[in-house]
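Here is how the chains run, residue by residue.
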Amino acid sequence: MAVPGWYTTWAETHRKTFVLSAEWVDAAELWWEIFESRGVTGSELTAATRDLMTLGANAPKYPGDHLPAVERSIGRARNAAAVERRKSYGETDAARCDLCLDGGWVIVPHPKFVRNGRWEPSHYRESGSPNYVTAAVACKCDRGQSTVESCGQQNRPTQTLANYETFCPNWRIELDEKAHAEHRSHVIGEQAASLADGADGADGIDRLKQRLFSGPRG
Ligand SMILES: [Zn+2]
């Protein structure tokens, strides 16, 4: 997997900006495949680094949190750009709900699998990757309210987002993190295959896992 020079240059700049170790750049290079698959550009990455610099106390705490945070920042920037584009077409966003996009329903971690505010896997697949189950709850907006009312009239009581958030306030972060966990297991699968072909063997895979899942250090 060839990583382009401009990407490594960005990773070095990001590393220096946040005083991360040289190993962080190795981990960033393993993420190239994910960024490439989403058509991420150098200017998007540079903007994400600047965005993270402005987060202050909410900036990523551990080295392993940086790449998911960069990815989320790019997602937010793309979403903001899409909203601007729609406005430039003359479309009004006034009535649009960001949570349910006016559909009335929001997809959340299934309440049955939420323990102490954390989303647990329902089971593990044969590959060893976790399986997460979602559920739909009625949104907090007007459209969500009419969903609750029409379900009530049909004798189908509905969980509401407002009530759901009392026991899982971090549901959006949980959704984000678990989606990333799935990407990571995909990267490991691919990398494991290529390492198994080389001289690195099982040791290489272990090192790779350590890099990708490195938590708090020191
Ligand atoms: Zn809504």
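Residues numbered from 1 in each chain as written. Predicted model: local features only at pLDDT ≥ 70, side-chain atom pairs only at ≥ 80, totals over all residues.

## Brief notes about the overall build of the protein
Here's step 1: Assigned secondary structure in the protein consists of 8 helices and 6 strands.
Here's step 2: Starting at the N terminus, the α and β elements of the protein follow one another as α-α-α-α-β-β-β-β-β-β-α-α-α-α.
Here's step 3: Expressed as a percentage of its 218 residues, the buried residues of the protein come to 16%.
Here's step 4: Pairs at least 24 residues apart make up 63% of the contacts formed inside the protein by residues separated by at least 6 positions. (Helix = DSSP H or I, 4+ residues; strand = E, 2+ residues; numbered from the N terminus. Buried ≥ 20, exposed ≤ 12 C-beta atoms within 10 Å, placed from the backbone. Contact = placed C-beta atoms within 7 Å.)

## Regarding the packing of helix H1 (residues 5–17) against helix H2 (residues 22–37)
Here's step 1: In contact at an axis separation of 10 Å, H1 and H2 are set at 140° when each is read in the N-to-C sense. Considering their axes alone, H1 and H2 lie oblique with respect to each other. In this structure, H1 meets H2 at a crossing whose hand is right-handed. Contacts between H1 and H2 involve Tyr 7, Thr 8, Ala 11, Glu 12 and Arg 15 from the first element and Trp 24, Val 25, Ala 28, Glu 29 and Trp 32 from the second.
Here's step 2: Considered class by class, the residues forming the contact of H1 with H2 number 6 nonpolar, 1 polar and 3 charged. (Axes fitted to C-alpha atoms, helices over the stretch in contact; angles between N-to-C directions. Parallel < 35°, antiparallel > 145°, perpendicular 65-115°, else oblique. Left-handed = near helix turned anticlockwise from the far one by under 90°. Nonpolar A, V, L, I, M, F, W, Y, C, P; charged D, E, K, R; others polar.)

## Concerning helix H4 (residues 66–88)
An α-helical segment advances 3.6 residues per turn. Residues three or four places apart therefore align on the same side.
Here's step 1: The end-to-end C-alpha distance of H4 is 33 Å, a good match for the 33 Å that 23 residues give at a rise of 1.5 Å each.
Here's step 2: Considering only its buried residues, H4 is in contact with H2 and helix H3 (42–53). (Expected span 1.5 Å × (residues − 1).)

## Comments concerning the packing of H3 against H4
When two helices pack together, their arrangement is captured by the angle between the axes and the distance separating the axes.
Here's step 1: Where H3 meets H4, the closest approach of the two axes is 9 Å, and the angle between their N-to-C directions is 105°. When the axes of H3 and H4 are compared, the pair comes out roughly perpendicular. On the side of H3, the interface is formed by Glu 44, Leu 45, Ala 47, Ala 48, Asp 51 and Leu 52, while H4 contributes Ala 69, Val 70, Ser 73, Ile 74 and Ala 77.
Here's step 2: In the contact of H3 with H4, the residues fall into 8 nonpolar, 1 polar and 2 charged.

## A closer look at the nonpolar core
Here's step 1: Ala 27, Ala 28, Trp 31, Leu 45, Ala 48, Leu 67 and Val 70 are the most contacted members of the largest nonpolar core, which totals 13 residues.
Here's step 2: Those elements giving two or more residues to this core turn out to be H1, H2, H3 and H4.
Here's step 3: The greatest single-element share of this core, amounting to 5 residues, is contributed by H2.
Here's step 4: Residues within four places of Ala 28 in sequence aside, it is in contact with Ala 11 and Leu 67.
Here's step 5: Judged by nonpolar contacts, the second largest core, of 10 residues, contains Val 106, Cys 141, Tyr 164 and Trp 171. (Core = buried A, V, L, I, M, F, W, Y, C linked by C-beta atoms within 7 Å.)

## Some remarks on the environment of Thr 147
Here's step 1: As for its placement among the helices and strands, Thr 147 is situated in helix H5 (residues 142–153).
Here's step 2: For Thr 147, a count of 21 C-beta atoms within 10 Å corresponds to the buried category.
Here's step 3: For the pair formed by Thr 147 and Val 137, sequence separation is 10 residues and the distance between their alpha carbons is 9.7 Å.
Here's step 4: In this structure Thr 147 touches Gly 104, Trp 105, Ala 138 and Thr 158, once residues within four positions along its chain are discounted.

## Topic: H3
Here's step 1: The end-to-end C-alpha distance of H3 is 17 Å, a good match for the 16 Å that 12 residues give at a rise of 1.5 Å each.
Here's step 2: Buried residues of H3: Leu 45, Ala 48 and Leu 52, and no others. Viewed end-on, H3 has its buried residues packed into an arc of 55°, placing them on one side of the element. Exposed and facing more than 90 degrees away from the buried side of H3 are Gly 42, Ser 43, Arg 50 and Met 53.
Here's step 3: Looking at the packing, one finds that the buried side of H3 touches H1 and H4. (Arc of directions from axis to C-beta.)

## Description of the confidence of the model for the protein
Here's step 1: When pLDDT is averaged along the protein, the result is 81; 79% of the residues meet or exceed 70.
Here's step 2: Mean pLDDT across the elements of the protein bottoms out in helix H8 (residues 201–212) (47) and peaks in H1 (96).
Here's step 3: In this model, residues 196–205 is a region of pLDDT below 50 whose contacts with residues beyond four sequence positions or in other chains number 5 contacts.
Here's step 4: Scored below 50 in pLDDT, residues 211–218 shows 16 contacts in the model against residues more than four places distant or in partner chains. (pLDDT = per-residue confidence, 0-100.)

## Structural notes on unusual backbone geometry
Here's step 1: Even without being a glycine, Leu 101 presents a positive backbone phi close to 50°.
Here's step 2: Along the chain, Leu 101 turns up in the loop between H4 and strand E1 (105–109).

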